[in-house]
Structures are given as structure tokens and as C-alpha cells.
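The primary structure of each chain is shown beneath.
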Amino acid sequence: MPTKSIKDKVKPTFFKEHQEKLYQALEDKHTTVEIMKDKDPLGTEMILNMGPQHPATHGVLRLTLQLNGEIIEKAKLDVGYLHRGVEKIAENKTYQEFMPYTDRMDYLSPYSNNVALCTAVEKIANVEVPERAHYIRMIGCELARISSHLLWLGTLVMDAGAVSFFIWTFREREKLYDIFDQLTGHRFTVSHARIGGVANDITDTAMAMIKDFANEFPKEITDWHKLLDRNRIFFDRNEGVGVLKTEEALEKGAAGPTLRGSGYAYDMRTFAPYARYDEVEFEVPTRLEGDNLARYYCRMEEMHESIHIIQQCLDKLPKGPVRTDNAKQAYPSKDEVYYSMEGMIHDFMMTDTGICPPEGAEAYHAVEAPKGELGYFIQSDGTGHPWRMKIKAPSFANLQILEYILDGEMVADTVVIIGGVDPVMGECDK
Amino acid sequence: MPLELNEYLQKVIDRLTERYADSIIDVYQSSGDTFVRIAPEANVDICRYLRNEHHFIYLVDVFGTDRFTSEDRFEVIYNLISLRDRQRIFLKVWLPEENPAIESVTSLWNSANWFERQTYDMFGIRFTNHPDMRRIYMPEDFEYFPLRKEFPLLGIPGSIELPSTTPDIE
């Protein structure tokens, strides 16, 4: 029986044209190197649709896989199920008003996203940030990195078959949520950074909790290393799976730990240091293998480095204000707002008009989010709203490489590879 | 405004203007970032030259903007990085409102694939010789380009067919 075209086999109900084009693209994928088989006598070829509602795709990622037996011949991704158009929304909001939306981009590490937006606005509008605010931001960012990597670790090990491990990493995440609650006033979507500084200073309770966490956490990592590093099952599931070769990694556009796992020590914290990352010591963990295991080691070591950075920040934390004292650039402190007329007017003006960068200015600023380089490109037309705000999302770049690294893998490894790349759909789909 | 380029970027700009004198339209800086506006026809050549000769081997992003002017309405920006020399440079191309189209750089960087699809999806800028020119976020059946300035913030009612929320009543 001759194999029919995929398009004849599927009958989509919704977005017909979209579905048909996706299947067409799957069929057309590298037709230049492979000749489509006319016959399939054993009936081993099939199209497997995975997602968008699938627990192992970490959100609403949809994959269409063309299988030959258990081997993935080709894979195509379909993203956009979480597209909310935040770049369009940004054009209609003031810079500060847009911040809660950034929380919901990479919702596993909201603090990094807040800082990324703030640093970009500060760059375009020439705002000075006090020393203490820089250090508080660094502590927040590194805690967010650990929190994000913990979720990645839990789900990766769960994807590989060990469910109870997920509970252990989430116990540590719970501690981080409590810290964020104390530090910022919110557990999850923190919105703590402000243009020109941060919302409030670290309280003594928060300080004590961060210190406790920084002391206790390395012990937990050691335990996890003991469990996983010599674990035959974990190794067999991850070693040599989803390999992104060093020579291909840059061309395919990988970002963050996925790129570092393939041998490039590209980290925004050392490439173009922001905040006060040039004043603390840390390593950029890099591996050469480019497989899932390499990504595992990179992220585990990054958590170590994060703790190291937090401890240095706590030691160095300078005294002083946490927000710039310029009412044209940043919100005045609440003391001023409640007890002086000028303060209230300034607060109103900041909320109503916001900060206005010079007309025609353009700026790009990137931070190292847990997933990779997270950059904001802003074009200003001189008003309080950006003319254009482009968000360079690391997950978007990382999902793109999935189309390459899934080809030729076993279908059972799909979830592990997705877990190893660690995409967040909120960020990818924007 | 005089440029305050560092030594390395100055060298790159000098070489570029020497080699592609006709294609370099403008070089300027804004907030410390360096932007080079080039002619649309020369984008692949200049990208290849920067990649091969000046080690700008990593394409971070490609994106569009809508300038909303009567001439040269759309803008495509390439964000390039040299890992060896720790430099970042932005290449810009202006495109007309009618049928904006430009040569794809997927032949140089595979990563441009999705970035260009995203630009097409949001602005309707076509990339010629692109291996897979489909929309990426919006469904293929969608007829508008949402990040163009004339597209309303609230969207266009009825532009996407959605599943019934009350499946019992058919």
C-alpha cells in the first residue's frame, strides 16, 4: 500500500490552514537529503502528535513527530499557544506598568525578568542605581536562578522516571518562596525591582532567611549529587541523548546552559557585566559533550556558583538608599508620598506619565536569566510608553534547537530532551 | 554627533565603510549601542563578511519594528555578537511599506529561521529563500500582522475561529 501524504490522513477541525501547513512543513523537512519512502511494508511509520496539552512538555508546547518504529525521523514544533502579545501590550503601557507582565514571561524566575526590564530602561533613560539596590538585585536574581534550576532538576529527574525526587527539590523551592515573600512581599510574581532601584530594602527576617538558605542549601546539592552522579538509570537516560555539537551550537542559536553545555562560556554576567557582577567572583561552568548530562552538570554547578555569589553579596552589601532619589526618574519613597505634597504629585506623575527616555533613543540590554540571555530592546519616541519593545527570550532560541536535536533520537527520550533544554512557554510565546 | 567607538568596533566600521562604501547608509550610536544602517540588498553580504572576517559568529536575534512613516516604514534589526572580542553590533535595514521583503540570512545562521518567522508573523515582512516561511505564533488562518501600528490593541473580533465554549449546544 503506498503511503499517502500526511495531509490526507489528518482532518483538522480548527485552524485548518495552519494545521495543514504544519504537516506540510513536517513532510518537507530536509527533503533535500532524504527521499521519502514510497512503501512502508511493515507499517512502522506514523505521525505522533504530542501536546499542546501534555504534562511532559512543560506547558503548551506542541510537537509533531514523524516516527519510524521508535526512532524520530523528523520533528516539527508548533509554538504560540500561550501567545498573549506582551510586546503589543508594552507599547500601550508605561515602563513601570509593564513590569507585572514580565513576571508572567518566564514565570519560574520572575525576579530576573524584572531586573532585565529595569536595566534596559535605566540604560535608555540614563538612570543611576544606588549600590545597595544593585546588590539586592543580584541576590534576588541568584535566588531566582536557583529556584528555576530546582524546578528544572525536579522535572528532569521526574521525566527520567524518579517521581519522588521532584518533591525534594520542591521542598527547597518552598523555602525560596518564603524568602521571596519576606524579601518582596509576594511569593511568586514578585515585581520587586523598580526603575532606579528596588521596591523596598531587605528586612532583617529576610536577611536571616537568605543566610540560612545559603548555609543549608549546598548540603542538599551534595546529597543530590550523591544520588544522581552514580545513578545508572539516570546516566543511561541522559548520556549521549539530545547531543548539540559544539561546532553547531552557535549556528543553531542555543542560549544559556544549553550553549554552555556545548562548550561556549557565554554568560552575560561576564560578557557584559551588569549590576555589580564584576565585583564578585564566580565561575562559568562549561562542558564539552553537549548532551543532556552536560546540561545537567552545568546547571548543578551554576547553583553552586549562585550560592557563592549570594554569600559574597551578603558580605559586601553596602549601606544606603535602595532607590535613586530623583523624582523625575523613579518613584519617591512612601514616606514622602504620604507626608509631603510634592511627594504625592511626583508619585502621581510617575504613575500617570512615567519615565520618559529621550526621543529617538534606542537601547538593548541583556541579563543572564536562568535560561540564557534575556534582552530587552527599547525604542523610545520621547513619551512614557515605549515605541517598540522587543524581548529576546532565551527559551525561544532554545526551543528552536529542539527541531534539530530531536531528529534521530528515540521517541521515549523526547520528554527527557525537552526537560534537559528547559523551555518555559510563557517566555517563548510572549 | 561624533561617534565614541572603541578601538575594535572602530576598526570594524572602518573596514566596512571601505569595503561596502555604497551600502553603508548610516552609522550611529544610541545609549552606548552601535547601529549600522545598510542597504537592504547587501544584508547577506555584509553579514557574511562580519561573520567570516570579524568573528561576529553568533546571531542573537532578528526582529522588526514599525516606524510608521510614509517612506521606509519597516525596519529589520540584526543583533550580532563577537564572542572572541566581546563586542555587540546592530545592523539595520529599512524596507518599504508595500511588499516588504528581504533576503533571509538562514544560509549563514540556522538560528535565523525562527527569528525571521517571528518577524514575518508580527510585521508581514517576507524573507526570501527562507526554508520554512510560515507564521509562528498566530495560526496560519490569521490575516493580520499584530505588531503593525494600525492593528488595534484589543484585536479584531471574529478574526480567529475559536472552539465553542458551550460544546453542548451545537
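Residues numbered from 1 in each chain as written. Chains lettered and ligands numbered in written order. Predicted model: local features only at pLDDT ≥ 70, side-chain atom pairs only at ≥ 80, totals over all residues.

*Asks:* I would appreciate a short explanation of the overall build of chain B in the present structure.
*Replies:* Within chain B, the secondary structure is distributed over three helices and seven strands. Listing each helix as α and each strand as β along chain B from the N terminus yields α-β-β-α-β-β-β-β-α-β. Projected onto its principal axes, the C-alpha coordinates of chain B cover approximately 70 × 30 × 25 Å. Among the 170 residues that make up chain B, the fraction classed as buried is 37%. Sequence-distant contacts, at least 24 apart, represent 49% of the contacts inside chain B between residues at least 6 apart. (Helix = DSSP H or I, 4+ residues; strand = E, 2+ residues; numbered from the N terminus. Buried ≥ 20, exposed ≤ 12 C-beta atoms within 10 Å, placed from the backbone. Contact = placed C-beta atoms within 7 Å.)

*Asks:* It is not clear to me how the nonpolar core should be interpreted in this structure. Could you clarify?
*Replies:* Nonpolar side chains in soluble globular proteins generally cluster together in the buried interior. Core analysis: the biggest nonpolar cluster contains 152 residues, and A:Val121 and B:Leu80 have the highest contact counts within it. Counting residues per element, this core draws most heavily on helix α6 (residues 131–159) of chain A, which supplies 15 residues. Here this core spans two domains, since at least three of its residues come from each of domain 1 (6–78) and domain 2 (86–318 + 351–429) of chain A. With residues near it in sequence (within four places) discarded, A:Val121 still touches A:Tyr95, A:Ile195, A:Ile355 and A:Ile378. (Core = buried A, V, L, I, M, F, W, Y, C linked by C-beta atoms within 7 Å. Domains from an automatic or database assignment.)

*Asks:* Looking at this model, I keep getting lost on the environment of A:Ala255. Mind explaining?
*Replies:* Residue and element names in this part refer to chain A. Its location among the elements puts Ala-255 in the loop between α10 (246–252) and α11 (257–260). As for Ala-255 and Tyr-364, which are separated by 109 residues in sequence, their C-alpha atoms are 17 Å apart. Those residues in contact with Ala-255, other than ones at most four positions away along the chain, are Lys-371, Gly-372, Glu-373, Pro-394, Ala-397 and Asn-398.

*Asks:* Mind showing me how you'd approach the interface of chain B and chain A here?
*Replies:* One widely used convention gives an interface's size as the accessible area the parts lose upon coming together. Each partner contributes to the interface: chain B provides 32 residues, whereas chain A provides 36 residues. Among the secondary structure elements, those contributing two or more residues to the side of chain B that touches chain A are β2 (33–38), β3 (58–66) and α3 (112–123) of chain B. Sort the elements by how many residues they give to the side of chain B that touches chain A and β3(B) lands first, with six residues.

*Asks:* Help me out: how do you make sense of the domain arrangement of chain A in this one?
*Replies:* Residues and elements named next belong to chain A. When cut into domains, chain A gives domain 1 (6–78) and domain 2 (86–318 + 351–429). Using C-alpha coordinates to define each centre, domain 1 is positioned 32 Å away from domain 2. Between domain 1 and domain 2, the residue contacts involve 17 residues of the former and 18 residues of the latter. Secondary structure elements with two or more residues in the side of domain 1 that touches domain 2: β1 (45–50), β2 (62–68) and β3 (71–78).

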